[in-house]
Structures are given as C-alpha cells and as structure tokens.
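Structural features, examined
Spelled out from the first residue to the last, the chains are:
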Protein chains: 2
Amino acid sequence: MAGKVAERRAALRENLVLIAERTISKKGLSALRARDLAAEAGCAVGAIYNVFGDLTDLVLTVNARTFHRLGADVAEALADAPQDPVEQLVVMAQAYHRFAAENHLAWRALFDVERAPDEAAPDWYLKEMGRLFTYISDPLAVIFPGRAADEHALLTRALFSSVHGIVLLGLDQASSGVPTEDIDRMIALVLRQFVGAVK
Amino acid sequence: MAGKVAERRAALRENLVLIAERTISKKGLSALRARDLAAEAGCAVGAIYNVFGDLTDLVLTVNARTFHRLGADVAEALADAPQDPVEQLVVMAQAYHRFAAENHLAWRALFDVERAPDEAAPDWYLKEMGRLFTYISDPLAVIFPGRAADEHALLTRALFSSVHGIVLLGLDQASSGVPTEDIDRMIALVLRQFVGAVK
DNA sequence: ACCCTCAATTGAACGTAGTTCAGTGATAGG
DNA sequence: CCTATCACTGAACTACGTTCAATTGAGGGT
C-alpha cells in the first residue's frame, strides 16, 4: 500500500479547501477559524499545519480558485458577446460586476488577505491578472489602433482599475443605496463615453 | 477645581488620537495595539475604554481626520487649478493620488476598518464624501450640460470610483511595478479621453 | 483642615484567536 | 511479525481586545 499517507493528506487538503471556501463565501474571511475548520473537517488543529504553512496559505489557495472562476466567467461572457469591441468591453465588465455581486464575500477575500509587505504577489495571481488584461487589451487594440505599446498597456490597466473601482465602491455601500442596475449603468457610461469620445 | 476630570479625559483623548494617527501612518492599521497605545500614552489599557468604546472607535476618529485632510488637499488643488473644467478634474484626481501616495497607510486605513455589516456609514464619512462629489460634480456640469440629474449623479460617482480604482490598484502593487508617473498618466488618460479631449 | 462619598482609573484576569511541539499511534519496509 | 519512522493529536503558548473588582483621588460637606 504505497502512498496511503499522501492519499490522506491530499484528501484532507481538498476537504479543508472546500470547507474554507464555503465558510468564506457564506460568512466572510474574518469568520474563518482554525478550530472551527478542524472540527468541521474532523481533524486536529495541528493537522491543518501539516498541509498548509498557515491559514493565510489556505486562504490564498481558496483565492486562487475564486480568481480562476472569475476569469472563467469573464471569458464565458466574452465568448457570448457580439463582435463589436466596445460591447465586448461592456459585457466583460458587467460579468466582472456580476461575479463580484454573486460571490461578494469570496471576491472581497481576494483583496482582504494581508500579504507580508515585501512578499511578491503569488504566481497564479499574476497569471490570472494577465489573462484578464488580455481580454481587455484585445478589443482595445481594435478600438484604438496604432497606439504605442506602453500607452496601450496603461490604457488596459486603467480601464480594468476603473471598472474595479466602480464595482468595489458600488458594492461596499450596497446597503446605503447603489442598486445593481446603477453599477451596470456606471460601467456602461464610463466605457461607452470613453471610447465614444473618438468615434 | 471644576472639570479637572473632564480636562484630563480630553487631554488623554487627544493624546491617544495623535499616537494612533502616528502609528497607523508609520506602521499601518494592523500595527495598532491597545497595550502599545497605553504604554506610549502613559496610561492603563482600561483608560482607553473610558474615552473610546473600543479600538475601532479610535480608528474611526483618526480616519475622520485623515479624510478631512484629504478633502482639504483636493480643495486646495482645485483652488490653484486653471479654469478649464477638464483640467480641474485632472488636477483634483492627481491631488487625490498624491495624498494617497504620501499618506499611504493612513489612506488605506480609511477602507480597511471593518464595520459591522448592518451599521450605517458614519456621519462625517458621508459629509466628506459629499464634499468630494461636489468638487467633481461642478466641472462635470460645465462639461456635460443638460444631462438628467440622476445620470449626472451617476457620472460623478463613476468618475470618482474610477480614479479611486486606478490609485488603489496602482499603489497596491507599487513594488511590482506601477511608477507614480504611470498612475498620473492613467488618470489623465481616462479623464481626458472620457470628456473627449483627444490629445 | 478633615473626612466621606463616589466616580474615574488601574491592571490583572478573561475569552478567543493562531500557532507550536512533545507525546502517541499508525505505516511501510525488512 | 517487528520496528524505525513519520504523520497526527490536542494541550499549551503567545498575543490580541476587552472587562471588572479593587484602588485611588477629587470635590463637597462639616
């Protein structure tokens, strides 16, 4: 029976990730507790630290999955979008909004993890980010042909950041009155106005 | 000697706020500790709770001051700005960026405080936010006259959120390569492009 | 000047986190 | 079947925010 240990470890790891994912999605990052986690997984608290270095490692694993789902949602929206590059941008941004709204706490956890100040961003983060940037970059190249590469990169980043800001502040004060439709309207307003300026 | 107690309380309060402000500015919100605070202020830990309900109350007081300084900086930039409404928007947004960069940890603390889920945003927050929105709203009314009031409000909020997003993501990864000049360029790019002044 | 009352102040103690590690028990190879 | 090894256990440790019984000292009455 070779690898019975590794098997159990892998199973525990998967289990912990699923439980953490559910806890974060339902009750938020701050509700994640080592003891609760162990109790739900039916293991000792110490076992968690055999699989993950610390709870932040576990959260980062959950975040990687969340980020991947986010990327897939945006990609799906893009696949179903019309050919018009402006509409593609709008559709993707609204897909981003929809994902953030429907997975609010998990989405928040993406940014609420505190990284060590000098620690580099994880690999998967940069990779998924690059993926999202490509989705934006391509339609932009159609809309604004002949821009310098560096300006094009800045434009891409700027648009992503703008949409992110609109969603972030819109959902933050969801209780104090920014309806979902208004967030979508703001996104469309900024994107259409942005590209319409040169049309 | 009437009010000697109240006097000491007020002095302690001021002292605690100043110490907390310095700690947050230098080491970040997460470095704020009740025991360190008491040691620095030369009082018992319990004394903090005679003046503030809890540490979050203290942080909110610091945040109110930070937000006020931010509003003043933006107002000053607006006062020195040219008449052109587009340039006014750019100048204000870059002032927002400069404040965030120069007071990074204090600025982050504005958003990193976790509020109770159902608790309303504090009064001073809404007031300062309204102040910032007015600064943006006025030039926008000149640039886009004759828009419906609700669309105008959405536009204002959308532009603020966009600039906030650009600054937030730009400063977050400052280590992994978004120079200050690029953030300013993105701000100018979005705002100028938005209002149709193609350069 | 003295004491007495009561509220402000103290800091040890409490509850709850994340994390560790010596003891225990199961595993895989001989 | 035995045993060296290593993963697992959970009590213990540290570090928080917060509380509260005990203490102190201020302000008024005599």
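A brief look at the structure comes next. Computed from a prediction, not measured in an experiment: that's the story for all the values here. (Residues numbered from 1 in each chain as written. Chains lettered and ligands numbered in written order. Predicted model: local features only at pLDDT ≥ 70, side-chain atom pairs only at ≥ 80, totals over all residues. Heavy atoms only, no water.)

**As for the nonpolar core**
Here is a general trend for soluble globular proteins: nonpolar side chains tend to be buried in one another's company. In this structure, A:W107, A:V167, B:W107 and B:V167 are the most contacted members of the largest nonpolar core, which totals 86 residues. Filtering out sequence-adjacent residues up to four positions away, B:V167 remains in contact with B:Y96, B:H97, B:A100, B:W107, B:I183 and B:I187. (Core = buried A, V, L, I, M, F, W, Y, C linked by side-chain atoms within 4.5 Å. Buried < 20%, exposed > 50% of the residue type's maximum accessible area, 1.4 Å probe, protein only. Contact = heavy atoms within 4.5 Å.)

**Digging into empty space enclosed by the protein**
A complete count under the given rule lists five cavities of 30 Å³ or more for this structure. Quantified by volume, the largest cavity comes out at close to 240 Å³. Around the largest cavity sit 19 residues that line it, and A:L110, A:F111, A:R115, A:W124 and A:Y125 are the ones nearest its centre. Of all elements in the fold, only α4 (55–80), α6 (104–112), α7 (123–143) and α8 (149–172) of chain A together with α8 (149–172) of chain B reach the threshold of two or more residues within the lining of the largest cavity. Of the residues that constitute the lining of the largest cavity, the class distribution is 14 nonpolar, three polar and two charged. (1 Å grid on protein atoms, 1.4 Å probe; cavity = no way out; pocket = protein on both sides within 12 Å on 5 of 7 lines; lining within 4 Å. Points joined across faces, edges and corners; volume = space filled by probe spheres on them. Helix = DSSP H or I, 4+ residues; strand = E, 2+ residues; numbered from the N terminus. Nonpolar A, V, L, I, M, F, W, Y, C, P; charged D, E, K, R; others polar.)

**Some remarks on the pattern of salt bridges**
All chains considered together, the criterion is met by 22 salt bridges over all chains. With its nearest N and O atoms 3.1 Å apart, the salt bridge here joins B:R192 to B:E87. Within this pair, whereas B:R192 is found in helix α9 (residues 180–195), its partner B:E87 is found in helix α5 (residues 85–102), the two being separated by 105 residues in sequence. Judged by relative accessible area, B:R192 falls into the partly exposed class, the value being 23%. Overall, the relative accessible area of 23% leaves B:E87 in the partly exposed class. Across the salt bridge formed by B:R185 and B:D182, the nearest N and O atoms sit 3.7 Å from each other. Of this pair, B:R185 and B:D182 both sit in helix α9, separated by three residues, roughly a single helical turn. Salt bridges here are not isolated pairs; linked through shared partners, they connect A:R108, A:D112, A:D172 and B:R115. (Salt bridge = Lys/Arg side-chain N within 4 Å of Asp/Glu carboxyl O.)

**Observations concerning the interface of chain B and chain A**
At the junction of the two partners, chain B supplies 33 residues and chain A supplies 33 residues. For the pair chain B and chain A, the two sides together bury roughly 3200 Å², of which 62% comes from carbon and sulfur. Summed over the three residues of chain B that lose the most area to chain A, namely B:L154, B:L169 and B:Q193, the buried surface amounts to 20% of that side. On the surface where chain B and chain A come into contact, there are four salt bridges. Its salt-bridge partner being A:R185, residue B:D150 comes within 3.9 Å of it at the nearest N-O pair. (Buried area = accessible area lost by both parts, 1.4 Å probe.)

**Quick look at α5(B)**
An α-helical turn contains 3.6 residues, so a residue and the one three or four places further along point in the same direction. Residues and elements named next belong to chain B. End to end, α5 covers 26 Å across 18 residues, agreeing with the expected 26 Å (1.5 Å per residue, within 8%). Taken together, the buried positions of α5 are P85, V86, Q88, L89, V90, M92, A93, A95, Y96, H97, F99 and A100. Here the buried face of α5 lies against α4 (55–79), α6 (104–112), α7 (123–143), α8 and α9. (Expected span 1.5 Å × (residues − 1).)

**Here's the deal with the relation of the copies chain B and chain A**
Between chain B and chain A, which share one sequence, the superposing operator has a rotation angle of 180 degrees and an axial displacement of 0.0 Å; the RMSD is 0.1 Å. Taken together, these values place the two copies in the relation of a two-fold axis. Taken together, the interface assignments show that 97% of the residues at the interface of chain B recur at the interface of chain A, consistent with an identical surface on both copies. (Least-squares fit on C-alpha atoms with pLDDT ≥ 70 in both.)

**Quick notes on the packing of α8(B) against α9(B)**
All names here are of chain B. Where α8 meets α9, the axes come as close as 9 Å, and the angle between the chain directions of the two elements is 160 degrees. By the angle between their axes, α8 is roughly antiparallel relative to α9. With respect to the hand of their crossing, α8 and α9 are arranged in right-handed fashion. The segment α8 lies against α9, with L155, L159, V163, I166, V167, G170 and L171 engaging I183, M186, I187, V190, L191 and F194. Of the residues belonging to the contact of α8 with α9, the class tally is 12 nonpolar, one polar and no charged. (Axes fitted to C-alpha atoms, helices over the stretch in contact; angles between N-to-C directions. Parallel < 35°, antiparallel > 145°, perpendicular 65-115°, else oblique. Left-handed = near helix turned anticlockwise from the far one by under 90°.)

**With respect to the environment of A:S137**
Residue and element names in this part refer to chain A. In this fold, S137 is placed in helix α7. Residue classification places S137 among the buried residues on the basis of a relative accessible area of 19%. Not counting residues up to four positions away in its chain, the partners in contact with S137 are H152 and T156.

**Thoughts on a negative patch on the surface**
Residues and elements named next belong to chain A. Taken together, the side chains of D54, D57, D118 and E119 make up a negatively charged region of the molecular surface. Secondary-structure assignment places D54 in the loop between α3 (45–51) and α4. Its relative accessible area of 35% is what places D54 among the partly exposed residues. (Patch = residues over 30% accessible without salt bridge, like charges linked within 9 Å, V, L, I, M, F, W, Y side chains within 5 Å. Areas by Shrake-Rupley, 256 points an atom, 1.4 Å probe, with all protein chains shown as cover. Lys, Arg positive; Asp, Glu negative; His and termini not counted. Charge placed at Lys NZ, Arg CZ, Asp CG, Glu CD.)

**Comments concerning the packing of α5(B) against α6(B)**
Residue and element names in this part refer to chain B. Packing of α5 against α6 leaves a shortest axis separation of 5 Å and a crossing angle of 105 degrees. For the element pair α5 / α6, the angle class is roughly perpendicular. Along its contact with α5, which presents Y96, F99, A100, A101 and E102, the element α6 presents H104, W107 and F111. When its residues are assigned to classes, the contact of α5 with α6 shows six nonpolar, one polar and one charged.

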